[in-house]
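A closer look at the structure
These are the residues of each chain, in order.
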Amino acid sequence: MKGAREVASLEPMTAARLYGLYYSPWTERARWALDHEEVPYRFHHHVPMLGEPLLRWRGRRLGKGRVSVPLFVDGATTLGDSVEIMGHASRHGQGRLGADEPETRAWAERVEPLLQAGRALVAARTLADREALREAAMAASPAFFAGALRPVAALGARFIARKYEADLDDEARQIETMRDVCLTIREALEDEPSDRLTARAILLATALQPVAAVADRHIPLKPATRGIWSTPALAAEVSDLLTWRDDLYDRFRKPPRARAAA
């Protein structure tokens, strides 16, 4: 997929690198903050399981046994947490988001249960959908060979589930968790400013990705993949939140001014 292989950057020759999953809410919140604060970087799409050894090597300065994406590397600076990356963007960019304030971390923790539940649902749905497995395999192989690599994609989905201890067997409970957080988001929007972008707004908007994926013009997804990133009944219940999210994206999620090939 073109979107999986594109490298987003304000300055293509910058030394800063962001490794992530282009469709991941955690990666997207980091990218959005970096782009909005005009911090130059190059984006590299990480391939789950297959790219794990190289990811651990790149994140070796973190001193952790488990390294995850997004991972931001700029010289001696290595950040392995999306909120830390957002804070870095505010400190080293235009400072418009104020993402280095303590409330950014607090709101990230509030929406985290929704994201964890969503990750479990996406992994379970991927394993049950042959076309979604084929599309997942296309991230690491030519399209004509992707069908043969469905078992590898399935291993990748199971790997993610094990790595993050995701429960794949209780969809109803996962959706209820997502619903509870959506109600928290709805309450938060009552005092969210409409004339500017805030760090909290980025956290709230990206957290809604497992409810219904944002439009292709922002995060391109193939059809089956878009289907597994959708929870239709819940999306209908919180359509007001999705309308707010989509409007926020259209107003404030501008594409990078330059792109370079990976």
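Below is a summary of the structure that appears in this document. (Residues numbered from 1 in each chain as written. Predicted model: local features only at pLDDT ≥ 70, side-chain atom pairs only at ≥ 80, totals over all residues. Heavy atoms only, no water.)

1. As for unusual backbone geometry
Here the amide bond leading from V69 into P70 is cis, since omega sits at 5°, within 30 degrees of zero. Despite not being glycine, E38 shows a phi value in the positive range, around 60°. Note on placement: E38 falls in the loop between α2 (25–36) and β3 (42–45). Judged by relative accessible area, E38 falls into the partly exposed class, the value being 34%. (Helix = DSSP H or I, 4+ residues; strand = E, 2+ residues; numbered from the N terminus. Buried < 20%, exposed > 50% of the residue type's maximum accessible area, 1.4 Å probe, protein only.)

2. Re the environment of A33
Mapped onto the fold, A33 is located in helix α2. Non-local contacts of A33, meaning those with residues more than four positions away in its chain, are made with M86, A89, L97 and I202. (Contact = heavy atoms within 4.5 Å.)

3. As for the nonpolar core
Of all hydrophobic cores here, the largest spans 62 residues; its most connected members are I185 and V211. For this core, the element with the most residues is helix α5 (residues 102–127), which contributes eight residues. Among all residues touching V211, those that are not within four sequence positions of it are M178, C182, W229, S230, T231, L234, A235, V238 and L242. In this structure, L55, V69, L71 and V73 belong to the second largest nonpolar core, which totals seven residues. (Core = buried A, V, L, I, M, F, W, Y, C linked by side-chain atoms within 4.5 Å.)

4. Here we look at the pattern of salt bridges
For the structure on display, the rule yields 15 salt bridges. A salt bridge links E131 to R134; the nearest nitrogen and oxygen atoms lie 2.7 Å apart. Remark: R134 and E131 occur in helix α6 (residues 130–137); sequence separation between them is three residues, near one turn of the helix. On the accessibility criterion, R134 (23% relative accessible area) is partly exposed. Bridged by salt links that share partners, the residues E28, D35 and R253 form one connected network. (Salt bridge = Lys/Arg side-chain N within 4 Å of Asp/Glu carboxyl O.)

5. A closer look at helix α13 (residues 239–252)
In this model, α13 (14 residues) spans 20 Å end to end at C-alpha, consistent with the 20 Å of a helix rising 1.5 Å per residue. Taken together, the buried positions of α13 are L241, L242, W244, R245, L248, Y249 and F252. Buried residues of α13, seen end-on, are gathered within an arc of 160° and therefore sit on one face of the element. Next to the buried residues of α13 lie α2, α9 (171–188), α10 (199–207) and α12 (232–237). (Expected span 1.5 Å × (residues − 1). Arc of directions from axis to C-beta.)

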